Amino acid sequence: MWKVLMPRKIVFGENAAKEFQYPKNSLVVTTTTPDIYNKWLDYMGIKNYEVYDKVTPDPSIETIEALKKQYEGKQIGAYIGLGGGSSRDVCKYLSKLTGIPKILIPTTFGTGAEMTTYAVISFEHKKKLLQDEAFLADAAIVDPYFLPGTPFNIMRNSACDAAAQASEGYDSKAGNPFTQFFCKEAFDILYDAIMNDKPNLLPYGAMLSGIGFGNSSTTLGHALSYVFSNEGVPHGYALSSCTTVAHKFNKSVYYKRFKEIAQKLKFEPLKLKQPLDAAADVIMPDRGHLDNNPIPVTKQDIIGCLDEIVNKNPLA
């Protein structure tokens, strides 16, 4: 038996965010600045709202608890996560704590967070992947309006993230024919978008990726990436080499095409400050990713993968 979970409502396509009916007294949670999000909010036509714009990348549990306390008793109608994955992850956790509905709207198209039961929150300065059905959006809105003007680094990190999730999700032992269908379709769309310079396809590909991997999990590539992210490397950037090496280790059907994506997006080699053995000790407890990897992974395997990532330039 398989179980597949998706948001209660998915709205996508041109004008999706503009035509949606938003609850009154919503709290918009974002990582960006007023000159940017005010344009977004004008487009959305949202009324009767407040904005919290102090969310930072890799949000901490302390930030979420402080935000909950700040707005207690204000009768918030809904949380609206507007922006990258961090904004949406904050709303997911807040909604779980308070029971207030959440509407998730990506403006960068990579994490697929609006589709999944996952949230990445930092505890004691270390990112932790959490999963809970309570994290599912009450409504997910995917609108290509937000894509134009996205800086190249954000676009390429997001695109790489989406492609890594789709390809790792396809290979995951926790997958099933339904998730593999979405992951395969997502990767094909994302590959076309990146390799043939069709950015308009990225939002749709990322959405399908979120549905696919959100019900099957990612694997070794993501497990490897977090030690780099903990040292400040953007997540998508870390995945460029980490997922390439993981796909090689797993003999994935996506190895060659994923490497081509990373090369097309011009990612540079990764460096790691800590010793490889110590980094492997950090990675090994990540059973949420490693247990779903199609091939069993030992600590020595991880050290070998890390050595290839930092010393051999796998994207060359």
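All chains use their own residue numbering, which begins from 1 and follows the written sequence. Side-chain atom pairs in this predicted model are given and counted only at pLDDT of 80 or more, local residue features only at pLDDT of at least 70, and totals for whole chains, interfaces and linings cover all residues. Hydrogens and waters are ignored; side-chain quantities use all the structure's heavy atoms.

Let's talk about the overall build of the protein chain
- A run of H or I in DSSP becomes a helix once it reaches four residues, and a run of E becomes a strand once it reaches two; helices and strands are each numbered from the N terminus. Scanning the protein chain from N- to C-terminus turns up 13 helices and eight strands.
- Along the longest, intermediate and shortest principal axes, the C-alpha atoms of the protein chain span 55 × 45 × 40 Å.
- Out of the 316 residues in the protein chain, the part that is buried amounts to 56%.
- Considering only residue pairs separated by 6 or more positions, the protein chain has 73% of its internal contacts joining residues 24 or more positions apart. Buried, partly exposed and exposed residues are distinguished by accessible area as a fraction of the type maximum, computed with a 1.4 Å probe on protein chains only: under 20%, between the cut-offs, and over 50%, respectively. Contacts between residues were defined by any pair of non-hydrogen atoms, one from each residue, lying within 4.5 Å.

Quick look at the nonpolar core
- To define a nonpolar core, start from buried Ala, Val, Leu, Ile, Met, Phe, Trp, Tyr and Cys residues and group those joined through side-chain atoms within 4.5 Å. In terms of nonpolar packing, the biggest core is built from 97 residues, with Tyr 22, Leu 224, Phe 228 and Leu 306 touching the most fellow members.
- Among the elements that make up this core, the one with the highest residue count is helix 6 (residues 177-195) (eight residues).
- The residues touching Tyr 22, leaving out its near neighbours within four places in the chain, are Ala 17, Met 44, Ile 46, Ile 80, Ile 103, Ile 105 and Ile 141.

Observations concerning the pattern of salt bridges
- Take a side-chain nitrogen of Lys or Arg and a carboxyl oxygen of Asp or Glu: if they are within 4 Å of each other, that pair is a salt bridge. Under the defined criterion, the tally for this structure stands at 17 salt bridges.
- Of the charged contacts, one joins Asp 192 and Lys 198 as a salt bridge, the two residues approaching to 3.2 Å between their closest N and O atoms.
- A residue is classified by how much of its surface remains accessible, and Lys 198, at 34% relative accessible area, is partly exposed.

A closer look at a nonpolar patch on the surface
- Exposure above 30% relative accessible area and no salt bridge define the residues that can form patches, which grow by joining like charges within 9 Å and nonpolar side chains of Val, Leu, Ile, Met, Phe, Trp and Tyr within 5 Å. Each accessible area is a Shrake-Rupley result for a 1.4 Å probe, and residues are judged covered by the shown protein chains and nothing else. Taken together, the side chains of Val 4, Met 6 and Phe 178 define a hydrophobic patch exposed on the protein surface, amounting to about 210 Å² of accessible area.
- Tracing the backbone shows Phe 178 in helix 6.
- Note on Phe 178: relative accessible area 33%, which makes it partly exposed.

Brief notes about the sheet that holds strand 5 (residues 102-106)
- One bridge is not enough; two strands pair if DSSP finds at least two bridges between them. Read from one edge of the open sheet, six strands run 1-8-5-4-2-3, paired in parallel fashion. The open sheet terminates on both sides in strands that have one partner only, identified here as strand 1 (10-12) and strand 3 (49-52). This sheet shows a mean twist of 20 degrees between the axes of neighbouring strands, independent of strand direction.
- In this analysis an axis means a line fitted to C-alpha atoms, helices contributing only their contacting stretch, and an angle means the value between N-to-C directions, from 0 to 180 degrees. Running at roughly 120 degrees to strand 4 (residues 79-83), helix 2 (residues 34-44) makes contact with strand 2 (26-29), strand 3, strand 4 and strand 5 of the sheet.
- With respect to the sheet, helix 4 (residues 85-98) is in contact with strand 2, strand 4 and strand 5, its orientation differing from that of strand 4 by roughly 165 degrees.

Regarding the packing of helix 3 (residues 61-70) against helix 4
- As a packed pair, helix 3 and helix 4 sit with axes 10 Å apart at the nearest point and diverge in direction by 55 degrees. The angle between helix 3 and helix 4 falls in the class oblique. With respect to the hand of their crossing, helix 3 and helix 4 are arranged in right-handed fashion. For the pair formed by helix 3 and helix 4, the contact residues are Ile 61, Ile 64, Leu 67 and Lys 68 on the first element and Val 90, Tyr 93, Leu 94, Leu 97 and Thr 98 on the second.
- Following the grouping adopted for this structure description, the nonpolar residues are Ala, Val, Leu, Ile, Met, Phe, Trp, Tyr, Cys and Pro, the charged ones are Asp, Glu, Lys and Arg, and the polar ones are all others, Gly among them. Among the residues forming the contact of helix 3 with helix 4, the class breakdown is seven nonpolar, one polar and one charged. Each angle gets one of four labels, with under 35 degrees taken as roughly parallel, over 145 as roughly antiparallel, 65 to 115 as roughly perpendicular, and the rest as oblique. Crossings are sorted by hand: turned counterclockwise from the far helix by less than a right angle, the near helix makes the crossing left-handed, and turned clockwise it makes it right-handed.

Considering the state of the cysteines
- Disulfides are defined in this document as cysteine sulfur pairs within 2.5 Å. All chains considered together, the criterion is met by zero disulfides.
- In this model Cys 242 remains outside any disulfide bridge; the closest cysteine sulfur is found in Cys 305, 9.0 Å from its own.
- Since its relative accessible area comes to 0%, Cys 242 is described here as buried.

Notes on the packing of helix 8 (residues 220-229) against helix 9 (residues 235-250)
- Packing of helix 8 against helix 9 leaves a shortest axis separation of 8 Å and a crossing angle of 140 degrees. The crossing of helix 8 and helix 9 is right-handed. Facing Leu 220, Gly 221, His 222, Leu 224, Ser 225, Tyr 226, Phe 228 and Ser 229 of helix 8, the residues of helix 9 in contact are His 235, Ala 238, Leu 239, Cys 242, Thr 243, Ala 246, Phe 249 and Asn 250.
- Considered class by class, the residues forming the contact of helix 8 with helix 9 number nine nonpolar, seven polar and no charged.

Things to note about the packing of aromatic side chains
- Here the aromatic set is Phe, Tyr and Trp, taking the six-membered ring for Trp, and pairing holds for ring centres within 6.5 Å; pairs whose planes are under 30 degrees apart are stacked, those over 60 apart are edge-to-face, and all others are tilted. Considering all chains together, one arrives at 14 aromatic pairs under this definition.
- Ring geometry for Tyr 145 against Phe 146: centres 5.1 Å apart, planes inclined by 80 degrees, an arrangement best described as edge-to-face.
- Taking relative accessible area as the criterion, Tyr 145 reaches 32% and is therefore assigned partly exposed.
- Classification of Phe 146 by relative accessible area gives buried; the value is 4%.
- Plain terms: the ring middles of Phe 187 and Tyr 191 are 6.2 Å apart, the flat faces sit at 25 degrees to each other, and that makes the pair stacked. Here Tyr 191 and Phe 187 lie together in helix 6, a separation of four residues that amounts to about one turn. You'll find Phe 187 and Tyr 191 in the same group, each marked buried.
- Taken together, the ring pairs connect Trp 40, Tyr 43, Tyr 145 and Phe 146 into an aromatic cluster.
- Comment: the charge-over-ring label is applied if NZ (Lys) or CZ (Arg) is within 6 Å of the ring centre and within 35 degrees of the ring normal. Taking the ring centre of Phe 123 as reference, the NZ or CZ of Lys 128 above it sits at 5.8 Å.
- Just above the ring of Tyr 191 sits the side chain of Arg 257; from NZ or CZ to the centre is 5.4 Å.

So, helix 11 (residues 276-283)
- All buried positions along helix 11 are accounted for by Leu 276, Ala 279, Ala 280 and Ile 283. For helix 11, the arc enclosing every buried residue in end-on projection is 105 degrees, short of the 170-degree limit, so these residues lie on one face. In this description, the arc belongs to the directions extending from the helix axis to the C-beta atoms.

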